[in-house]
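Examining the three-dimensional arrangement
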Amino acid sequence: MIIYNVTINIEESIEQEWLTWMQQEHIPDMIGTGKFVKALMTKVLVKEDMGGVTYSVQYGCPSREHLQLYYDQDAERLRNQSNRFAGKFVAFRTELEVISQH
């Protein structure tokens, strides 16, 4: 299993609107691509010096091939949907390989 992790710092002024969009639209759209089997959204409890509120979304992906298909077929379109929040968030993405789960 590969975890596609997206960490987002969002301005507090649009946090609730963004959360609603993520939970009702974006995460379901990501799962709807067929490349991911689950998603876990968490709030980072450590306060950032730059302000804002930080969240992490971990998308479970069956294989690197599935993740590459997401990049090739879906990533640009789905990332562009966040343009309505442009300038009010920063995001970074990491890929993680699950070694064990207990």
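Residues numbered from 1 in each chain as written. Predicted model: local features only at pLDDT ≥ 70, side-chain atom pairs only at ≥ 80, totals over all residues. Heavy atoms only, no water.

Here's the deal with the overall build of the chain
Along its length, the chain carries 3 helices and 4 strands. When the elements of the chain are put in sequence order from the N terminus, they spell out β-α-β-β-α-α-β. By the compact-globule yardstick of 13 Å for 102 residues, the chain fits well, its C-alpha radius of gyration being 14 Å. Reported as C-alpha extents along the three principal axes, the dimensions of the chain are approximately 35 × 30 × 20 Å. When each of the 102 residues of the chain is scored for burial, the buried share is 36%. Of all intrachain contacts in the chain linking residues separated by at least 6 positions in sequence, the fraction that spans at least 24 positions is 76%. (Helix = DSSP H or I, 4+ residues; strand = E, 2+ residues; numbered from the N terminus. Rg over C-alpha atoms; globule rule 2.2 N^0.38 Å. Buried < 20%, exposed > 50% of the residue type's maximum accessible area, 1.4 Å probe, protein only. Contact = heavy atoms within 4.5 Å.)

Concerning the nonpolar core
With 23 residues, the main nonpolar core has Tyr4, Trp18, Phe36, Tyr59 and Tyr70 as its most contacted residues. For this core, the secondary structure elements donating two or more residues are β1 (2–10), α1 (15–32), β3 (53–61), α2 (64–73) and α3 (75–80). Ranked by the residues each element gives to this core, the list is headed by α1, at 6 residues. In this structure, Tyr59 is in contact with Ile2, Ile3, Tyr4, Val6, Met22, His26, Ile27, Met30, Phe36, Lys38 and Ala39, ignoring residues within four places of it in sequence. (Core = buried A, V, L, I, M, F, W, Y, C linked by side-chain atoms within 4.5 Å.)

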